[in-house]
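# Results of the structural survey
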Amino acid sequence: LPRPATSRDPDPQQGEKPQSDRKVAPCSQPCTKEGLRKTRDKKSKWGFINNSGNPVTAFDYDYVAYFSGGLAQVLSKNKWGYIDSTGKEIIPCSFDVAGIFINGVAVAKKENKWGFIAKSGHQVAPFIYDEINTFYENLAQVRKDEKWGYVNRAGKLVIPCIYSGSEIFSEGLA
């Protein structure tokens with residue numbers, strides 16, 4: 001979901017308006033490691049600009065998040081997807097929720113079920129889980145039909161969903 005307004009957003013009650021065009025002042029602080037900063041245009045659509053204030057992506061999105069693993073989460077028509085630093089859509093906006101990429105894998109939710117996707121957009125773990133957590137020691141907790149189990153980074157269920165509770169793995173134990 002889009003994030004709430006911050007102190008950097010225009011305040012209409014104070015008579016402030018969004019940027020009147022897509023070129024804004026250069027970044028005064030370091031931008032992303034890709035050299036980009038997210039911003040909105042006069043139509044309140046989000047995109048990315050470079051350090052000079054020039055647009056490098058289309059301003060077509062309802063919201064954009066910062067880059068992780070070379071991809072940024074983007075929201076369009078209430079669905080999440082991912083673009084690269086040139087603005088190319090790498091993974092279409094088809095997810096209800098889409099997480100950041102950590103070690104090449106992100107959690108995502110589609111049709112009310114959770115799974116994992118790779119940076120290519122391919123499904124790593126199927127969208128069959130009611131709840132899913134991030135990886136610890138290469139295993140992630142998954143819940144299906146009120147029972148917990150664990151999947152590995154390849155998406156394979158290595159510990160069946162037969163437990164009424166679970167913890168993250170630490171030093172080989174959960």
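Residues numbered from 1 in each chain as written. Predicted model: local features only at pLDDT ≥ 70, side-chain atom pairs only at ≥ 80, totals over all residues. Heavy atoms only, no water.

### Quick notes on the packing of aromatic side chains
Definition in use: The aromatic pairing rule takes the rings of Phe, Tyr and Trp, using the six-membered ring of Trp, and pairs them if the centres are within 6.5 Å, calling planes under 30 degrees apart stacked, those over 60 edge-to-face and the rest tilted. Put simply, DSSP H or I for four residues or longer makes a helix, DSSP E for two residues or longer makes a strand, and each gets a number counted from the N terminus. A simple rule labels every residue: compare its accessible area, found with a 1.4 Å probe on the protein chains alone, to the largest value its type can have, and call it buried under 20%, exposed over 50%, or partly exposed in between.
What the rule picks out here adds up to 7 aromatic pairs. Taking the centre distance of 6.4 Å and the plane angle of 80° together, the rings of Tyr63 and Trp80 count as edge-to-face. Residue Tyr63 is found in strand E3 (residues 63-68), and its partner Trp80 is found in strand E5 (residues 79-83); the two are separated by 17 residues along the sequence. Of the two residues, Tyr63 and Trp80, both sit in the buried class.

### Thoughts on the pairing of strand E13 (residues 147-152)
Short version of the rule: Here the rule is simple: two strands pair whenever DSSP picks up at least two bridges between them.
Direction of pairing for strand E12 (residues 139-144) relative to E13: antiparallel, over a ladder of 6 bridges. Bridge pairing in E13 links Lys144 to Lys147. Remark: 4 residues form the turn of the hairpin made by E13 and strand E14 (residues 157-163), two consecutive strands paired antiparallel; Gly155 in that turn has positive phi of roughly 90°.

### Concerning the sheet that holds strand E6 (residues 89-95)
This is how it is decided: For helices, the fitted line uses only the C-alpha atoms of the stretch in contact; every axis is such a line through C-alpha atoms, and the angle between N-to-C directions lies from 0 to 180 degrees.
Spatially, E3-E4-E5-E6 is the arrangement adopted by the 4 strands of the open sheet, whose pairing is antiparallel. If you trace the sheet from one side to the other, it starts and ends with E3 and E6, each paired once. Averaged over all neighbouring strand pairs, the angle between strand axes comes to 20°, with direction disregarded.

### Observations regarding the side chain of Lys38
For the record, the criterion: Pairing of N or O atoms within 3.5 Å defines a polar contact, subject to two protein rules: one partner must be a possible hydrogen donor and the other a possible acceptor, and residues neighboring in sequence count only if both atoms are side-chain atoms.
Take Lys38: it is sitting in strand E1 (residues 36-40). Of the polar contacts made by the side chain of Lys38, one reaches the side chain of Tyr63; its length is 2.6 Å. At a separation of 3.4 Å, a polar atom in the side chain of Lys38 contacts the main-chain carbonyl oxygen of Val64.

### A word on the pairing of E12
Among the 6 residues that make up E12, 5 are buried, leaving the element largely enclosed by the rest of the structure. Direction of pairing for strand E11 (residues 131-136) relative to E12: antiparallel, over a ladder of 4 bridges. In the strand pairing of E12, Glu131 is matched with Arg143. Between the antiparallel neighbours E11 and E12 lie 2 residues, among them Glu137 with a positive phi of about 50°.

### Details of the environment of Glu146
Condition: Should any heavy atoms of two residues lie within 4.5 Å, those residues are considered in contact.
In this structure, Glu146 sits in the loop between E12 and E13. Classification of Glu146 by relative accessible area gives exposed; the value is 57%. Residues Glu146 and Gly165, spaced 19 residues apart in sequence, show a C-alpha to C-alpha distance of 8.9 Å. If we ignore the near neighbours within four places in the chain, the residues touching Glu146 are Asp130 and Tyr163. At 3.2 Å, the side chain of Glu146 forms a polar contact with the side chain of Arg143.

### Quick word on unusual backbone geometry
For Asp145, which is not glycine, the phi dihedral falls at a positive 50°. Following the sequence through the fold, Asp145 ends up in the loop between E12 and E13. A residue is classified by how much of its surface remains accessible, and Asp145, at 59% relative accessible area, is exposed. Although it is not a glycine, Glu146 adopts a positive phi angle of roughly 70°.

### Side note on the environment of Ile83
Here Ile83 is to be found in strand E5. Overall, the relative accessible area of 0% leaves Ile83 in the buried class. Distance from Ile83 to Val64, taken between C-alpha atoms, is 9.4 Å for residues 19 residues apart in sequence.

### Looking at the sheet that holds E14
Each strand in a sheet pairs with another by means of backbone hydrogen bonds, the pair being arranged parallel or else antiparallel. An order of E11-E12-E13-E14 is seen for the 4 strands of this open sheet, with the pairing classed as antiparallel. Two strands close off the open sheet at either side, each with one partner strand: E11 and E14. Adjacent strand axes in the sheet meet at a mean angle of 20° when their direction is disregarded.

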